Amino acid sequence: LYAKADLEGVNTLSLNPTSNICVSVRNPLSQEEKRERIVVDPSELHDAQVPAHEKHRSEHASHFAMKWPDQQTRATIRIVATDESTNNKNDGGGGVAVREIQSQDSGEFVPILKLDCDGLEPYEFHPLGGEFSITNSGGVKVESVDLSSGDWSDYDMSYGSSLVKNFHTKFE
């Protein structure tokens, strides 16, 4: 997941690693099959429930799992820790480094979240409100920043205004 925003009076904007993530996904084999606004909880890692007669299949633990109609295997999402690489062929065996958006990145897309997806592809991110934090120009951290409207602002008597405007995301 890549994000960009115009930052004013903000040093960093980051996704809180314990916050729920809301995404819409589609079946890569049938673009018409979609699941809108699924919520993925990073604190709940579920073991694969593979029946005994299918133990030859390698399914991994995931944060979200489902089955598309007429599909035999589970479609899964696993949130990848920032320092972890995946075996996913789509990310080059490690791929892009996830990081926070910094003031010099203002207006540029930055990778903020890595998902290991199997059997589904996320196509839209939906901020729930409160899953981001910022550090203002004075070094003060503000938790639970709500970017669901695409904009956020705060005023501190010591450091002035902190603004996040034009927040947008995309999946690559």
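Just above sits the structure.
Structure report, in brief. This is a predicted model, so every value here is computed, not measured.

On to the nonpolar core. Grouped burial of nonpolar side chains is what soluble globular proteins tend to show. Leu13, Ile77, Leu120, Phe132 and Val164 are the most contacted members of the largest nonpolar core, which totals 34 residues. Those residues in contact with phenylalanine 132 that lie beyond four places of it in its chain are Leu13, Ser14, Leu15, Asn16, Ile112, Phe125, Glu143, Ser144, Val145, Leu147 and Phe167.

Another point: the layout of surface pockets. Think of a ball as big as a water molecule: rolled over the atoms, this probe shows where empty space is left. One number sums up the size of the second largest pocket: a volume of about 280 Å³. Forming the boundary of the second largest pocket are 16 residues, of which Leu15, Pro17, Thr82, Ile112 and Leu113 lie nearest the centre. Listing elements by their share of the lining of the second largest pocket, those giving two or more residues are β2 (10-15) and β6 (75-80). Considering only residue class, the lining of the second largest pocket consists of 10 nonpolar, 3 polar and 3 charged.

Moving on to the side chain of serine 24. Note that serine 24 resides in strand β3 (residues 21-27). Polar side-chain contacts of serine 24 include one of 3.1 Å to the backbone nitrogen of arginine 37. Serine 24 has contacts with Arg35, Glu36, Arg37, Glu121, Pro122, Tyr123, Glu124 and His126, leaving out every residue within four places of it along the chain.

Attention now goes to unusual backbone geometry. For arginine 37, which is not glycine, the phi dihedral falls at a positive 50°. Its location among the elements puts arginine 37 in strand β4 (residues 30-40). Here arginine 37 falls in the exposed class, since its relative accessible area comes to 53%. Phi at asparagine 166 is positive, roughly 55°, even though this residue is not glycine. Secondary-structure assignment places asparagine 166 in strand β14 (residues 160-170). Judged by relative accessible area, which is 42%, asparagine 166 ranks as partly exposed.

Okay, the pairing of strand β11 (residues 132-136) next. A regular strand places its side chains so that they alternate between the two faces of the sheet. Here β11 lies mainly inside the structure; 4 of its 5 residues are buried. Where β2 lies against β11, 5 bridges are found, and the strand directions are antiparallel. Bridge pairing links valine 10 to asparagine 136 in β11. The pairing of β11 with strand β12 (residues 141-145) spans 3 bridges and is classified as antiparallel. Its bridge partner lying in β12, phenylalanine 132 is registered against valine 145. The loop that links β11 with its antiparallel partner β12 comprises 4 residues; one of these, glycine 139, has a positive phi angle of about 90°.

Turning our attention to the sheet that holds strand β1 (residues 2-8). The 4 strands lie next to each other as β8-β1-β14-β13, forming an open sheet whose pairing is antiparallel. Among the strands making up the open sheet, the edge pair consists of β8 (110-111) and β13 (152-156). Across 2 bridges, the pairing between β1 and β8 is antiparallel. By the bridge assignment for β8, alanine 3 is matched with valine 110.

Moving on, we come to the environment of tyrosine 123. Relative to the helices and strands, tyrosine 123 resides in strand β10 (residues 121-125). For tyrosine 123, a relative accessible area of 21% gives the class partly exposed. Taking the C-alpha atoms as reference, tyrosine 123 lies 9.7 Å from lysine 34; in sequence the two are 89 residues apart. Leaving out residues up to four positions away in the same chain, tyrosine 123 has contacts with Ser24, Val25, Arg26, Lys34, Glu36 and Phe171.

The rules we used
- Residues numbered from 1 in each chain as written.
- Predicted model: local features only at pLDDT ≥ 70, side-chain atom pairs only at ≥ 80, totals over all residues.
- Heavy atoms only, no water.
- Core = buried A, V, L, I, M, F, W, Y, C linked by side-chain atoms within 4.5 Å.
- Buried < 20%, exposed > 50% of the residue type's maximum accessible area, 1.4 Å probe, protein only.
- Contact = heavy atoms within 4.5 Å.
- 1 Å grid on protein atoms, 1.4 Å probe; cavity = no way out; pocket = protein on both sides within 12 Å on 5 of 7 lines; lining within 4 Å.
- Points joined across faces, edges and corners; volume = space filled by probe spheres on them.
- Helix = DSSP H or I, 4+ residues; strand = E, 2+ residues; numbered from the N terminus.
- Nonpolar A, V, L, I, M, F, W, Y, C, P; charged D, E, K, R; others polar.
- Polar contact = N/O pair within 3.5 Å; in protein donor to acceptor, adjacent residues only side chain to side chain.
- Pairing = 2+ DSSP bridges.

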